[in-house]
Amino acid sequence: MHTEVKINNQHIPVLVDAALTYLAPKQGASYLDLTAGYGGHAAAVLGRTMSPERTVLVDRDQTAIETLKQKFKSQPVEILQEDFYAASQKLVQQKRHFDLILADLGISSPHIDTASRGFAFMQEGPLDMRMDQTQPLSAADIVNNYSQGDIAAILAEYGEEPRAKRIAGLIVANRPLHTTTDLATIVARAYPGHSRMHPATRTFQGLRIAVNDELGLLLKSLPLWFRLLAPGGRLGVISFHSLEDRIVKEAFNEAAGDRYDTDLRLLTKRPITAGHDELVFNPRSRSAKLRVVAKIKTKEREAHANSG
Ligand SMILES: C[S@@+](CC[C@H](N)C(=O)[O-])C[C@H]1O[C@@H](n2cnc3c(N)ncnc32)[C@H](O)[C@@H]1O
């Protein structure tokens, strides 16, 4: 069965049923959505908690924030336009705690579908790729100003691009590059003949991750998310590629591992992925992986310690 979720601004949220099953929202629970986007998960969770006054929605994209404000205008939710690391730091300083926390990482469908945002190599747009439209660094800065070695390192590390050095050489020899299609055309020269995926897929992923410091912010934020969990609370993270998933997996294993001194417990030994129906209905769910940890209540923790 697939929970009915209203599609807003063409973003279909992934793993909504799984997120509801594992977060298990109860009426009156507090909720922190760190990547609220177009509000699909938030609406589904709020439908269960019925407590908008205990709900905080975060996103760093202005378009997403405007949509969230419109979508939840009749409900007293708190909406923060910030990156989730900055927002999490503030919430920790304010000594806030949440029963449910969700981070559904990466970009949204409107990012890809809006050519002017510069995320898509199939449509002509500026070399932008910023999730936060006010941030100074864009993909054009990296492509046109970084050294060949630095570009190669970004493509190899964040794009997992085997021909990173060759592509970086082609970029440097042909700059300045102005548009997404200029870049895609240059990258394609490193792949004469056919390749299984579009030759620019990995280059665009690498640049996007670098522009938005996606892995750095995730790594720094996870320990704060553990602190923001209330006793009995649950944190779910949905990732979309192996680099992100590895960071989440290692942080969860480390924090909720088989130790006597932890108050975190892993609820997903293996990541939860989309079932057949969702894969057909929403192809973007293909690479989604959900991992969940819970914070043990004090009584449970004492019982656990005594049993050891
Ligand atoms: C996959 S979408 C989330 C969609 C959302 N769950 C929904 O149901 O509509 C990811 C969102 O997270 C935002 N985002 C990504 N990284 C972020 C970060 N470090 N801080 C704040 N927002 C971020 C993006 O702007 C995007 O809107």
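Look up: the structure comes first, before these words.
Report follows, based on the coordinates. Not measured: the values here are computed from a predicted model. (Residues numbered from 1 in each chain as written. Predicted model: local features only at pLDDT ≥ 70, side-chain atom pairs only at ≥ 80, totals over all residues. Heavy atoms only, no water.)

**Quick notes on the site of the ligand**
We count it as follows: The near set for a molecule or strand comprises every residue that places at least one heavy atom within 4 Å of it. Polar contact is defined as a pair of N or O atoms within 3.5 Å, subject to the rule that within protein one atom must be able to donate a hydrogen and the other to accept it, and that residues adjacent in sequence are counted only when both atoms are side-chain atoms. In these tables, accessible area is a Shrake-Rupley quantity obtained with a 1.4 Å probe, and a residue counts as shielded only by the protein chains included in the view.
Inspection of the region around the ligand gives 24 residues, with Tyr38, His41, Asp59, Phe84 and Asp104 positioned closest. Interatomic distance of 2.8 Å between a side-chain N/O atom of His41 and a nitrogen atom of the ligand. Out of a free accessible area of 600 Å², the ligand has 99% covered by protein chains.

**Quick look at helix α7 (residues 148–157)**
As a reminder of what qualifies: Here's how the labels work: a residue is buried when its accessible area is under 20% of the maximum for its type, exposed when over 50%, partly exposed in between, all with a 1.4 Å probe on protein chains only. Helix numbers and strand numbers start at the N terminus; a helix is a DSSP run of H or I with at least 4 residues, a strand a run of E with at least 2. Directions pointing from the helix axis toward each C-beta atom define the arc. Here a residue-residue contact requires only that any non-hydrogen atoms of the pair lie within 4.5 Å.
Among the residues of α7, those classed as buried are Ile151, Ala152, Ile154 and Leu155. One face of α7 carries all of its buried residues, which in axial projection span an arc of 160°. In this fold, the buried residues of α7 make contact with α6 (139–145), α8 (164–174) and α10 (201–211).

**Side note on unusual backbone geometry**
With an omega of 10°, the peptide bond running from Arg175 to Pro176 counts as cis. For Pro176, the position within the fold is in the loop between α8 and α9 (180–188). Phi is positive for Leu15, close to 50°, though the residue is something other than glycine. Here Leu15 lies in the segment before α1 (16–23).

**Thoughts on the sheet that holds strand β5 (residues 229–239)**
For clarity, the threshold we go by: Each pair of strands is called paired provided DSSP finds at least two bridges between the two strands. All axes here are fitted lines through C-alpha atoms, helices being fitted over the stretch that makes contact, and every angle between N-to-C directions spans 0 to 180 degrees.
The strand order β3-β2-β1-β4-β5-β7-β6 describes an open sheet built from seven strands, whose pairing is mixed. At either margin of the open sheet sits one strand with a lone partner, and together these are β3 (78–81) and β6 (264–266). Across the sheet, the axes of successive neighbouring strands diverge by a mean angle of 15°, strand direction being ignored. When strand β2 (residues 55–59) meets β3, the two strands line up parallel, connected through four bridges.

**Quick notes on the environment of Val237**
Relative to the assigned elements, Val237 resides in strand β5. Sequence separation between Val237 and Leu290 is 53 residues; the distance between their C-alpha atoms is 5.6 Å. Beyond its immediate chain neighbours, meaning those up to four positions away, Val237 contacts Ala103, Leu105, Leu222, Trp225, Val248, Phe252, Lys289, Leu290 and Arg291.

**Overview of the environment of Pro223**
Along the chain, the position of Pro223 falls in helix α11 (residues 214–228). When its relative accessible area of 44% is taken as the criterion, Pro223 is described as partly exposed. Taking C-alpha positions, Pro223 is 18 Å from Lys297, a pair spaced 74 residues apart along the chain.

On their own, these measurements won't tell you what the molecule is for.
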